[in-house]
Amino acid sequence: MTRFLVATDSIHTTAAACDYLGPRLDTDDSVRVVGVIENGSRDAGDAVNVASARLTTPTVETAVRDGEPVDEIRNELERGDVDELVIGAHEPGTGAEDGLGRTAGALVGHVEVPCVVLPPVGLA
């Protein structure tokens, strides 16, 4: 049994996470999808709905949080019951590590679970 945490802020990232997870999931795995609303963005709610529609086995638990993405993802990890974090990369900006984006850069190598970083959507 593997327990996945998908952290997302867009429908595109969630779709990429579903494409990654789909062939890897067993019926006893669990998937928790957390969308984080930052600066009033409404995309997080739509993003978690994509996972509910695309991943039918196993059951998907979803939540939407309002706050700083890194803090909210760390809070989810501290809840426990996570074996792997799946997160999307974004175009680098202020405070970002090359190729990861700010949020992924702050988490990869700084959390206790393996991280899968999905490539930025639309980049080859």
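Here's the deal with the environment of L118
- Summarising the element assignment, L118 is placed in strand β5 (residues 115-118).
- We classify L118 as buried; its relative accessible area is 7%.
- The sequence separation of L118 and H90 amounts to 28 residues, and the corresponding C-alpha distance is 9.1 Å.
- Every residue in contact with L118, bar those within four places of it in the chain, is listed here: T13, A16, A17, Y20, V86, I87, G88 and A89.

Describing helix α1 (residues 11-21)
- Listed as buried for α1 are T13, T14, A17, C18, Y20 and L21. For α1, the arc enclosing every buried residue in end-on projection is 160°, short of the 170-degree limit, so these residues lie on one face.
- Tucked into the core, α1 has its buried residues touching β1 (3-8), β2 (30-37), α2 (43-54), β4 (84-88) and β5.

What about the pattern of salt bridges?
- This model, assessed by the stated rule, comprises 8 salt bridges.
- In this structure, R32 and E76 form a salt bridge, with 2.9 Å as the shortest nitrogen-oxygen distance. Residue R32 is found in strand β2, and its partner E76 is found in helix α3 (residues 69-78); the two are separated by 44 residues along the sequence. Across the pair, exposure class does not vary: R32 and E76 are buried alike.

Observations regarding the pairing of β4
- Counted residue by residue, β4 has 5 buried out of 5 residues, so it is predominantly covered.
- Burial of the side chains of β4 extends over both faces: E84, V86 and G88 are buried on one face and L85 and I87 on the other.
- Of the strand pairs in this sheet, β4 and β5 are connected by 4 bridges, and their pairing is parallel. Paired with G88 across the bridge in β5 is L118.

Calculation rules
Residues numbered from 1 in each chain as written. Predicted model: local features only at pLDDT ≥ 70, side-chain atom pairs only at ≥ 80, totals over all residues. Heavy atoms only, no water. Helix = DSSP H or I, 4+ residues; strand = E, 2+ residues; numbered from the N terminus. Buried < 20%, exposed > 50% of the residue type's maximum accessible area, 1.4 Å probe, protein only. Contact = heavy atoms within 4.5 Å. Arc of directions from axis to C-beta. Salt bridge = Lys/Arg side-chain N within 4 Å of Asp/Glu carboxyl O. Pairing = 2+ DSSP bridges.

Distances and angles like these do not, on their own, reveal function.
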